[in-house]
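Chain and residue survey
Residues per chain are reported as follows:
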Amino acid sequence: MSLILYQHPLASFCHKVLIALYENGTPFESQIIDLANEESRASLLRLWPIGKFPVLRDEALDSTIPETSIIIEYLDRHYPGPTPLLPLDPTDALCVRLWDRFFDLYVQEPMQAIVADIRRPEEERDPRAVAQAQALLRTAYGMIEQQLGEKRWIAGDALTMADCAAAPALFYAETLVPFDDQQVRLQQYYQRLLDRPSFARVLEEAIPYFHFYPYSQKLPARFRPEQPHA
Ligand SMILES: N[C@@H](CCC(=O)N[C@@H](CS)C(=O)NCC(=O)O)C(=O)O
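Treat the numbers as computed from the prediction; the structure is a model and nothing was measured. (Residues numbered from 1 in each chain as written. Predicted model: local features only at pLDDT ≥ 70, side-chain atom pairs only at ≥ 80, totals over all residues. Heavy atoms only, no water.)

What follows is about the layout of surface pockets. Put simply, the largest pocket is a space of about 1000 Å³. Around the largest pocket, the lining is made up of 30 residues, and of these A11, S12, F13, F53 and Q112 lie nearest the centre. Sorting the residues of the lining of the largest pocket by element identifies α1 (12-23) and α4 (90-119) as the ones contributing at least two each. Counting residues per element, the lining of the largest pocket draws most heavily on α4, which supplies nine residues. When the residues that make up the lining of the largest pocket are grouped by side-chain class, the tally is 17 nonpolar, five polar and eight charged. (1 Å grid on protein atoms, 1.4 Å probe; cavity = no way out; pocket = protein on both sides within 12 Å on 5 of 7 lines; lining within 4 Å. Points joined across faces, edges and corners; volume = space filled by probe spheres on them. Helix = DSSP H or I, 4+ residues; strand = E, 2+ residues; numbered from the N terminus. Nonpolar A, V, L, I, M, F, W, Y, C, P; charged D, E, K, R; others polar.)

Below you can see the structure in the form of structure tokens.
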């Protein structure tokens with residue numbers, strides 16, 4: 001197999017790339033990274049000393065590609081399929097890159113900050129940083145609602161890399177700061193993302209791991225792990 005994705009099925013940035021791979025039926029091998037396991041962590045650091053994942057390894061072209069947006073652009077260029085993830089028109093492509101950045105920086109990052117905070121010992125938590133992250137999510141939701149207008153996907157009528165970024169970011173963010181009742185377009189967009197077969201498959205594969213997510217009881221009902229009986 002030419003492509004190997006170093007990833008973890010619970011990790012939101014990995015979901016972003018998995019959606020892109022499933023959209024285009026791109027064959028790949030999955031290498032699960034367990035950061036708690038020294039050997040597994042070392043295998044990631046050898047590829048990308050920053051230690052963030054996913055990382056894509058392409059044996060056929062002898063390339064190692066980190067960073068989700070770069071991975072998706074790489075796949076789009078070298079392994080195109082039925083769902084082009086970047087438009088050919090340069091202006092349209094810029095819009096996709098903007099919204100891809102938007103979801104990574106202003107939805108994923110505050111979401112990760114809130115989750116990281118609850119994983120810390122109580123005395124190391126930072127309620128001010130959490131409140132800032134929650135406020136950023138609320139601002140981002142309002143901007144997404146505006147951007148959607150009558151569009152089906154975030155940058156227009158076709159699903160793109162920006163929607164790959166949006167799906168996992170909104171999936172976890174919504175468990176921390178629920179969407180406003182007034183944000184009807186955002187809610188409908190979120191439902192479209194959940195219904196998209198590529199993302200539905202990613203979520204299905206994550207089910208055995210959701211009990212590791214500290215806010216798992218806020219996930220949509222079908223993904224909520226059963227609570228242990230008293
Ligand atoms: N900018 C990176 C972010 C990747 C990222 O934050 N991945 C998370 C998993 S969802 C990670 O590596 N977490 C482990 C860590 O930060 O130590 C990308 O787009 O690939």
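Here we come to unusual backbone geometry. Cis rather than trans, the peptide bond between F53 and P54 has omega equal to 15°. Within the element layout of this structure, P54 appears in the loop between α2 (38-47) and β3 (55-58).

Tracing the backbone through its elements, the reader meets D58 in strand β3. For D58, which is buried and forms no salt bridge, the nearest opposite charge comes from R57, at a distance of 7.5 Å. For D58, the contacting residues outside a window of four places in its chain are S2, L3, S63, I65, Y74 and Y79. (Buried < 20%, exposed > 50% of the residue type's maximum accessible area, 1.4 Å probe, protein only. Lys, Arg positive; Asp, Glu negative; His and termini not counted. Salt bridge = Lys/Arg side-chain N within 4 Å of Asp/Glu carboxyl O. Contact = heavy atoms within 4.5 Å.)

This part takes up the pattern of salt bridges. For the structure shown, the criterion picks out eleven salt bridges. With a shortest N-O distance of 3.5 Å, R57 and E59 are connected by a salt bridge. Judged by its relative accessible area of 13%, R57 is buried. When its relative accessible area of 43% is taken as the criterion, E59 is described as partly exposed. Across the salt bridge formed by R120 and D117, the nearest N and O atoms sit 3.1 Å from each other. With relative accessibility at 33%, the residue R120 sits in the partly exposed group. Look at the salt bridges and you will find they share partners, linking K16, D100, R101 and D104 into a network.

Don't take any of this as a statement about function, it's just geometry.
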